[in-house]
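# Residue-level structure breakdown
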Amino acid sequence: MYNKTIVCVYAQDLLCSLHSAYLATPTNLKIHHYLIFLRSFYFLEHVSYMALVGSFSFNSFLFGVLSCTGTAFLAICLWIQVNKENKKFKDLAPKRAFADFVLSNLVFHLVIMNFFDRCPSPILNVVFMSCKNVV
Amino acid sequence: MAMSPPPGTSSSAMRNAFGTVLSALILLLIGVLAFSIRLFSVIKYESVIHEFDPYFNYRVTQFLSKNGIYEFWNWFDDRTWYPLGRVIGGTVYPGLTLTAGTIWWALNAINIPLSVETVCVFTAPVFSAFASWATYLLTKEVKGSGAGLAAAALLAMVPSYISRSVAGSYDNEAVAIFALIFTFYLYIKTLNTGSLFYATLNAIAYFYMVCSWGGYTFIINLIPMHVLLCIVTGRYSPRLYIAYAPLVVLGTLLAALVPVVGFNAVLTSEHFASFLVFIIIHVVALVYYIKGILSPKMFKVAVTLVVSIGLVVCLIVVAVLVALVASSPTGGWSGRSLSLLDPTYASKYIPIIASVSEHQPPTWPSYFMDINVLAFLVPAGIIACFSPLSDASSFVVLYIVMSVYFSGVMVRLMLVLAPAACIMSGIALSQAFDVFTASIKYQLGRSANSKDDAEDNTSTNNAPKDDSSSGKTDKGEEVAKERSSKKGKKKEREPADKPSVKSKIAKKRVLVLPLEASIVALLLLIMLGAFYVIHCVWAAAEAYSAPSIVLTSQSRDGLHVFDDFRESYAWLSHNTDVDDKVASWWDYGYQTTAMANRTVIVDNNTWNNTHIATVGTAMSSPEKAAWEIFNSLDVKYVLVVFGGLIGYPSDDINKFLWMVRIGGGVFPHIKEADYLRDGNYRIDSEATPTMLNCLMYKLSYYRFVETDGKGYDRVRRTEIGKKNFKLTHFEEVFTSHHWMVRIYKLKPQKNRIRGRAKKLKLKTSSGLDSKAAKKNPWI
């Protein structure tokens, strides 16, 4: 019991210091963190949905899962490159980093659009199918 | 000539410019060399597609050029694997055909009317030039441009790569090796620069590799292994994350887009390594991030907490994963990959994979034949990579270790070893030349300076030495082997003009060799290179240029040309109906569909083991049973390759053991022991009666005794056992000029049978036969 209390105290200390350190990060980076968190949440939701209902349309499962992870990691990459404390990337202009980010996102979405199976609304369905054929 | 101090920035800029132009010129020459060394087959024979597999690719490219890409994606081929057919769009790696189709279309669009065949024949040499340029880029990232040029020159000529990319060898590896090296180059570039742009390019290059060859699993397993190695040796950095994470996600997505791979990209064990390392790298990144924002004491607390909770979670996840993997009989691996990991797997369970000669382990001499001198230089290159060890050089070391292992399992994978060996040898050669030329220049410079220099040897003139060596390392590495001595003479005037500086700089023991030893070593290295070049040219000309559809032999009367294959395919296409089905062993399927344009039963794709076993059983059965089997498959013609008259060793009698084994694997009434006498397959008078009665024997040796009166088989070197016999269910319709290809037609069923024969049959047959006789009115 003695050990347990010490662990609890340590855990609290840890959380406090994490919290304080986190507050110190500049606001623009916090946006990244929020987006990444959001995407991880959606990823978990998608996986649990598939586990519950079964993977009928594996295409759409793949699409959902991988789009979440993909945009999440790309945001992480941008975050790495923009973070001012990161010594190795001092000479990389933030504009260049953002341009790279946009380009890779473009390629990523071009690719992932091919996994569309079907769409609830028939009009949107036609739009997506024609986009797929173009790509 | 001499620049007075301050050391001219203009002089180094001029030197840089000169070096760049020189290296560009050398690269161009290397490209021309790579292209032209592969043209021996066109010069010695003709511009024709070689072997078996390229004929399939050629046929697919023809279809693509005629019908367009949408028809290609949806193509269902009903002229092979009769009556099953084959979904070409979903089972072919489209990279090669799309590349050649694009080149053909582009050339025709600018009004250069090359035929599809010409484009197909010359695709491989063009892409090998590209591959050597990619090797230059890759090695430049690892060690500098001097090593790059050396590696590119070596790759242009290495025999193992030539063997699969001569003009006419229109196979997947021709473009796949270029894609492999280019993907590795982009990965290393991303690792060195940390730019997301190169990471995206890397994923696209990986996509091209997946399109081209099944060997892409090598990439998707090697790169995670390297990432793991970097993490374990403490070389984690954000650049590693940027290099790896986009590749996995984008790469897997792109791989899933290729129809051949489809969902295998996420479901099979070949890709699990990449996902596992993906998770690991995220964990490591998180750990480093938290370490960065916490104080060290708090971090220790965090570690203990997380480790205790995380271990439990990990165990649960691992248990789930193990259950999933164990539920599939092969643990999720495909047959071919399993046979790579466990070399004895194929021979035990999948005789088809074991029967392909390219899948056998290589012999020791084949290493020397295929990579020659590089076998000595590779260990030197590995050592050179360790000083200093960077991310890129650790990757190259891992690459060569893995490829050496896999090339030891399968001879076909010597091809993957070739680029790694060239890179390593290029590094080794470049470092060696570095040391020797530096020694020569230092020694010459010292002897020119000896009158100014009052000090002794050990307090070296570090300033001129350093200056010349640093200047030289820019230039000397870019210099090809034969020019090093000239440059040495040009530079030695510079140290002489510079003022002799006392060694105020800390005494460095510079690694310098005596002058004579360096010169002799340089000459020896140049001779080594010369031996390599001679061997490569010989291998390209003599060993690897045979198209194997046309054979030649030298004799006293001159050159004999054996063009039997094309003769018989032409006969087939002119003398049979379009819808006639031809049965042969699977080796000749692609050629028959491409050149003779007839439907075949089995071909080189070997995707259906039972179908091949059916044909094998038919070939090993007596005439009547074989006729029944072939008739049930609607076969009209049977094609047999026979080399006994001229001594051609790859004929069907030599492949007969595989027919028996594969057929016996599916149909238990074919027992291999029935065909063996003392453990050997024999066709002479000692052969077993089953062997003498089987279809393959009869179709090969029918009327053979008429050629020389004794029936002497030049391949097996004996006289045949049964010499005079008649065929009851088949009739011979064609035998080529040198008896290499023999075509037989199935005789149609008799309309009625004479009464006496019918009664005799009913009396002497067993119960089963009489039942069959009652049911079947034709007998």
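In this text, all values refer to a predicted model and were calculated from it rather than measured experimentally.

Moving on: the overall build of chain B. Each helix and strand counted, chain B has 37 helices and 13 strands in total. With 779 residues in all, chain B has 51% of them scored as buried. Excluding contacts between residues fewer than 6 apart, the proportion of contacts in chain B whose partners are at least 24 apart in sequence is 73%. Carbon and sulfur atoms make up 63% of the accessible area of chain B, which amounts to about 35500 Å² in all.

What follows concerns the overall build of chain A. If you tally the helices and strands in chain A, you get 5 helices and 0 strands. Its helices and strands in sequence order give chain A the pattern α-α-α-α-α, from N to C terminus. Evaluated residue by residue, chain A yields a buried proportion of 34% over its 135 residues. Intrachain contacts of chain A at a sequence separation of at least 6 include 58% that bridge at least 24 residues. Element-wise, carbon and sulfur atoms account for 71% of the exposed surface of chain A, whose accessible area totals about 8900 Å².

Right, let's get into the pattern of salt bridges. All names here are of chain B. The tally for this structure, following the rule as stated, stands at 20 salt bridges over all chains. The partner of Arg682 in a salt bridge is Asp684, with the nearest N and O atoms 3.1 Å apart. Several salt bridges converge on common partners, so that one network encompasses Arg164, Asp171, Glu173 and Arg412.

Residues and elements named next belong to chain B. Averaged over every residue, the pLDDT of chain B is 81; residues scoring 70 or more account for 82%. This model gives residues 451-508 a pLDDT under 50, and the stretch forms 69 contacts once residues within four places in sequence are excluded. Predicted confidence is poor over residues 766-773, with pLDDT under 50, and the contacts of this stretch with residues over four places away or in other chains come to 3 contacts. With pTM at 0.81, the complex prediction returns an ipTM value of 0.74.

If you trace the backbone, Thr437 of chain B turns up in helix α23 (residues 414-449). For Thr437 of chain B, the side chain forms a polar contact with the main-chain oxygen of Phe433 of chain B, separated by 2.5 Å.

As a further point, take the state of the cysteines. A covalent bond bridging the sulfur atoms of two cysteines is what the word disulfide describes. Residue and element names in this part refer to chain B. For the structure on display, the rule yields 0 disulfides over all chains. With no disulfide partner, Cys120 has as its closest neighbouring cysteine sulfur the one in Cys211, 17 Å distant. Using a relative accessible area of 1% as the deciding quantity, one classes Cys120 as buried.

All names here are of chain B. Residues Phe184 and Phe630 are the most contacted members of the largest nonpolar core, which totals 198 residues. Per-element accounting of this core gives the leading share, 15 residues, to α23. Counting residues in hydrophobic clusters, the runner-up holds 9 residues, among them Val60, Phe63, Phe72 and Tyr590.

Residue and element names in this part refer to chain B. This structure, assessed with the given rule, holds 36 aromatic pairs over all chains. Measuring from ring centre to ring centre gives 5.5 Å for Phe72 and Trp73, while their planes differ by 45°; the resulting arrangement is tilted. Connected via pairs of aromatic rings, a cluster forms that spans Phe642, Tyr697, Tyr701, Tyr702, Phe704, Phe725, Trp739 and Tyr744. Above the face of the Tyr82 ring, Lys581 is positioned so that its terminal group lies 4.6 Å from the ring centre. A cation sits over an aromatic face here: Arg661 above Trp658, 5.2 Å from the ring centre.

A few words now on the packing of helix α7 (residues 116-143) of chain B against helix α10 (residues 172-193) of chain B. All names here are of chain B. It is at 8 Å that the axes of α7 and α10 come closest, and there the two elements cross at 20°. One way to sum up the angle between α7 and α10 is to call them roughly parallel. Between α7 and α10 lies a crossing of left-handed hand. Every residue of α10 that contacts α7 at Thr123, Ala124, Phe127, Phe130, Ala131, Ala134, Thr135, Leu137, Leu138 and Glu141 is listed here: Ala174, Val175, Phe178, Ile181, Phe182, Phe184, Tyr185, Ile188, Lys189 and Asn192. Class assignment for the residues of the contact of α7 with α10 results in 15 nonpolar, 3 polar and 2 charged.

Side-chain positions along a regular strand alternate between the two faces of the sheet. All names here are of chain B. In the sheet, strand β3 (residues 551-555) pairs with strand β4 (residues 558-562) via 5 bridges, with the strands oriented antiparallel. What sits directly across from Thr552, in β4, is Val561. Linking two consecutive strands that pair antiparallel, namely β3 and β4, is a turn of 2 residues.

What follows concerns α10 of chain B. All names here are of chain B. Helix length check: α10, at 22 residues, gives a terminal C-alpha distance of 31 Å against a target of 32 Å (1.5 Å per residue), a fit within 8%. Counting buried positions along α10 yields 19 of 22 residues, so the element is predominantly enclosed. Trailing α10 by a residue or two, Gly194 shows a phi angle of about 70°, which is positive.

Here the focus is helix α30 (residues 609-620) of chain B. Think of an α-helix as turning once every 3.6 residues; residues three or four places apart then point the same way. Helix length check: α30 of chain B, at 12 residues, gives a terminal C-alpha distance of 16 Å against a target of 16 Å (1.5 Å per residue), a fit within 8%. All of the buried residues in α30 of chain B are His611, Ile612, Ala613, Thr614, Val615, Gly616, Thr617, Ala618, Met619 and Ser620 of chain B.

This part covers the environment of Ile519 of chain B. All names here are of chain B. When you line up the elements, Ile519 lands in helix α27 (residues 515-543). We classify Ile519 as partly exposed; its relative accessible area is 38%. In the structure, Ile519 is positioned 17 residues away from Cys536 in sequence and 26 Å away in space, judged by C-alpha atoms.

Let us now look at the side chain of Asp587 of chain B. All names here are of chain B. Positionally, Asp587 belongs in the loop between β5 (581-583) and α29 (589-596). You can call Asp587 buried: its relative accessible area is 11%. The contacts of Asp587, once residues within four sequence positions are left out, are Phe52, Asn604 and Lys655.

Quick look at a nonpolar patch on the surface now. Together, Tyr34, Leu35, Phe37, Phe41 and Tyr42 of chain A line one region of the surface with nonpolar side chains, adding up to about 560 Å² of accessible area. Mapped onto the elements of the fold, Tyr34 of chain A is located in helix α2 (residues 27-53).

To continue, consider the side chain of Ser403 of chain B. Residue and element names in this part refer to chain B. Mapped onto the fold, Ser403 is located in helix α22 (residues 391-409). Taking relative accessible area as the criterion, Ser403 reaches 1% and is therefore assigned buried. Apart from residues no more than four positions distant in its own chain, Ser403 is found in contact with Phe218, Val416, Leu417 and Ala420.

What follows is about the sheet that holds β5 of chain B. Residues and elements named next belong to chain B. Spatially, the 5 strands line up as an open sheet ordered β6-β5-β7-β13-β12, and their pairing is mixed. Of all strands in the sheet, those with a lone pairing partner are β6 (599-600) and β12 (730-735), marking the two edges. By the bridge criterion, 2 bridges tie β5 to β6 in an arrangement that is parallel. Note that in β6 the partner of Val582 across the bridge is Val600. Strands β5, β7 (637-641), β12 and β13 (741-746) of the sheet are contacted by helix α28 (residues 564-575), whose axis makes an angle of about 25° with β13.

Rules used in this analysis
- Residues numbered from 1 in each chain as written.
- Chains lettered and ligands numbered in written order.
- Predicted model: local features only at pLDDT ≥ 70, side-chain atom pairs only at ≥ 80, totals over all residues.
- Heavy atoms only, no water.
- Helix = DSSP H or I, 4+ residues; strand = E, 2+ residues; numbered from the N terminus.
- Buried < 20%, exposed > 50% of the residue type's maximum accessible area, 1.4 Å probe, protein only.
- Contact = heavy atoms within 4.5 Å.
- Areas by Shrake-Rupley, 256 points an atom, 1.4 Å probe, with all protein chains shown as cover.
- Salt bridge = Lys/Arg side-chain N within 4 Å of Asp/Glu carboxyl O.
- pLDDT = per-residue confidence, 0-100.
- Polar contact = N/O pair within 3.5 Å; in protein donor to acceptor, adjacent residues only side chain to side chain.
- Disulfide = S-S within 2.5 Å.
- Core = buried A, V, L, I, M, F, W, Y, C linked by side-chain atoms within 4.5 Å.
- Phe/Tyr/Trp six-rings, centres within 6.5 Å; stacked < 30°, edge-to-face > 60°.
- Lys NZ or Arg CZ within 6 Å of the ring centre and 35° of its normal.
- Axes fitted to C-alpha atoms, helices over the stretch in contact; angles between N-to-C directions.
- Parallel < 35°, antiparallel > 145°, perpendicular 65-115°, else oblique.
- Left-handed = near helix turned anticlockwise from the far one by under 90°.
- Nonpolar A, V, L, I, M, F, W, Y, C, P; charged D, E, K, R; others polar.
- Pairing = 2+ DSSP bridges.
- Expected span 1.5 Å × (residues − 1).
- Patch = residues over 30% accessible without salt bridge, like charges linked within 9 Å, V, L, I, M, F, W, Y side chains within 5 Å.

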